Amino acid sequence: MTAIPPALESHLAGEVTTHCFCWIIRRKDGVIQGFTDHDRTLLVSGVACEPQTGLSASEATNSLGLGVDSAEIEGALSSASISDSDIERGAYDAAIVETWLVNWVSPDQLTLLRSARIGAITRSGGKFVAETKSSSVDLDKVSGRRITRLCDAQLGDSRCGHIGGDQAGTVTTTISDREIVVSGLQPPSADWFDNGALTWISGNSAGRANVVLSQAPYGSAIRLSLRDAQIPDIMVGDQFSMLPGCDKSFAQCKTKFANSANFRGFPHLPGNDAAYNYADGKGNFDGKPLVP
């Protein structure tokens, strides 16, 4: 239940109201932005909410129980506050959106209707639509470890224990926003960097990361195919560091990285086939190790 201050409650009970909606976006990088559907700037919770920004919101509902409440906010990319490049580089990923009901005649009469987190963002033409979800969405996340055949560690982290293998490279040619030619890499095999992690260390994209789908020879250099388009665009001379690809399998952990002792999965976990074999009596269930 939303608690409404007595002064605002009395105002809303009147025959004529002067209320509006304000939205405050709190990004993970510390940037705070305020918007309102009113025609002048309002100071809400210490944040100046700008008018005429083209920002609007869909109907939102609050339900009992553990269900995830969702809504959408829509705005124009032409606003000086929100740009296409900011959305593309992830500046609004998991940002907190506060929705306030405010009496624009007396902005001190206000109440927080809901606080949600930005999820998926879609862009079309000159506008964007951001889906917001309540904090109950965290209940859908997996906590702790899961019993799977594949490794649940990240290559190079403390649980993986595999240190090294990263190489530095430089962009020499940009074929497209997903295809680049690079120099400086010396992969030991033709698929060494497939599914590898590329982190930009210079240029406009410094700090961002991409997944490499595949590598291929390109004369004396190497051509890399990236999974995601890069915004800002990749420029010749941009430098990056590169980790080899890992498919999380026990076989690759053993043969490619010689790191089977630190494998964080359960490759010999019995599956449906083992259950079927047990039923027909043809399986090996003498308790001996599956792998010598």
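Whatever comes next refers back to the structure up there.
Residues numbered from 1 in each chain as written. Predicted model: local features only at pLDDT ≥ 70, side-chain atom pairs only at ≥ 80, totals over all residues. Heavy atoms only, no water.

## Digging into the overall build of the chain
Right, so step 1: Each helix and strand in the chain was counted, giving 4 helices and 15 strands.
Right, so step 2: Taken across its 292 residues, the chain has 34% of its residues classed as buried.
Right, so step 3: Intrachain contacts of the chain at a sequence separation of at least 6 include 56% that bridge at least 24 residues. (Helix = DSSP H or I, 4+ residues; strand = E, 2+ residues; numbered from the N terminus. Buried < 20%, exposed > 50% of the residue type's maximum accessible area, 1.4 Å probe, protein only. Contact = heavy atoms within 4.5 Å.)

## Regarding unusual backbone geometry
Right, so step 1: Despite not being glycine, asparagine 195 has its phi angle at roughly 65 degrees, a positive value.
Right, so step 2: Under the relative-accessibility criterion, asparagine 195 is labelled partly exposed at 47%.
Right, so step 3: Within the chain, alanine 258 stands out as a residue other than glycine whose phi angle is a positive 50 degrees.
Right, so step 4: Following the sequence through the fold, alanine 258 ends up in the loop between α3 (250-255) and α4 (272-280).
Right, so step 5: Given the relative accessible area of 68%, alanine 258 is considered exposed.

## A short note on the sheet that holds strand β15 (residues 239-243)
Right, so step 1: Reading around the barrel, the 6 strands line up as β10-β11-β14-β13-β12-β15 and close back on themselves, with antiparallel pairing between neighbours. In this sheet, neighbouring strand axes are inclined to one another by 45 degrees on average, regardless of whether the strands run parallel or antiparallel.
Right, so step 2: One ladder, built from 4 bridges, connects strand β12 (residues 196-200) with β15; its direction is antiparallel. The residue bridging threonine 199 from the neighbouring strand is serine 241, located in β15. (Pairing = 2+ DSSP bridges. Axes fitted to C-alpha atoms, helices over the stretch in contact; angles between N-to-C directions.)

## Thoughts on the pairing of strand β11 (residues 179-183)
Right, so step 1: In terms of burial, β11 is largely enclosed, as 4 of its 5 residues are buried.
Right, so step 2: When strand β10 (residues 167-174) meets β11, the two strands line up antiparallel, connected through 4 bridges. Paired with threonine 174 across the strands is isoleucine 180, a residue of β11.
Right, so step 3: Hairpin geometry of β10 and β11 is characterised by an intervening segment of 4 residues between the two adjacent antiparallel strands.
Right, so step 4: As defined by bridge partners, β11 adjoins strand β14 (residues 221-226) across 4 bridges and the pair is classed as antiparallel. When the sheet's bridge partners are listed, valine 181 is paired in β14 with arginine 223.

## Some remarks on the packing of aromatic side chains
Right, so step 1: Taken as a whole and judged by the stated rule, the model has 3 aromatic pairs.
Right, so step 2: On the basis of an interplanar angle of 50 degrees and a centroid distance of 6.1 Å, the ring pair of tryptophan 192 and phenylalanine 257 is categorised as tilted. Taken as a pair, tryptophan 192 in the loop between β11 and β12 and phenylalanine 257 in the loop between α3 and α4 lie far apart in primary sequence, 65 residues in all. With respect to class, tryptophan 192 is no different from phenylalanine 257; both count as buried.
Right, so step 3: In this structure, arginine 27 packs its charged tip against the face of tyrosine 92, placed 4.9 Å from the ring centre.
Right, so step 4: Lying over the aromatic face of tryptophan 192, lysine 256 brings its terminal NZ or CZ to 4.8 Å of the ring centre. (Phe/Tyr/Trp six-rings, centres within 6.5 Å; stacked < 30°, edge-to-face > 60°. Lys NZ or Arg CZ within 6 Å of the ring centre and 35° of its normal.)

## Here's the deal with empty space enclosed by the protein
Right, so step 1: In the structure shown here, the tally under the stated rule is 2 cavities of 30 Å³ or more.
Right, so step 2: What the largest cavity holds in volume is close to 90 Å³.
Right, so step 3: As for the largest cavity, its lining consists of 14 residues, and the residues nearest its centre are Cys151, Leu155, Cys160, Cys246 and Cys253.
Right, so step 4: Considering only residue class, the lining of the largest cavity consists of 8 nonpolar, 5 polar and 1 charged.
Right, so step 5: The space that makes up the second largest cavity amounts to roughly 40 Å³.
Right, so step 6: Lining the second largest cavity, in full, are Ile25, Ile82, Ile87, Tyr92, Ile118, Ile121, Phe128 and Ala130.
Right, so step 7: Among the secondary structure elements, those contributing two or more residues to the lining of the second largest cavity are β8 (110-124) and β9 (127-133).
Right, so step 8: A class-by-class count of the residues in the lining of the second largest cavity yields 8 nonpolar, no polar and no charged. (1 Å grid on protein atoms, 1.4 Å probe; cavity = no way out; pocket = protein on both sides within 12 Å on 5 of 7 lines; lining within 4 Å. Points joined across faces, edges and corners; volume = space filled by probe spheres on them. Nonpolar A, V, L, I, M, F, W, Y, C, P; charged D, E, K, R; others polar.)

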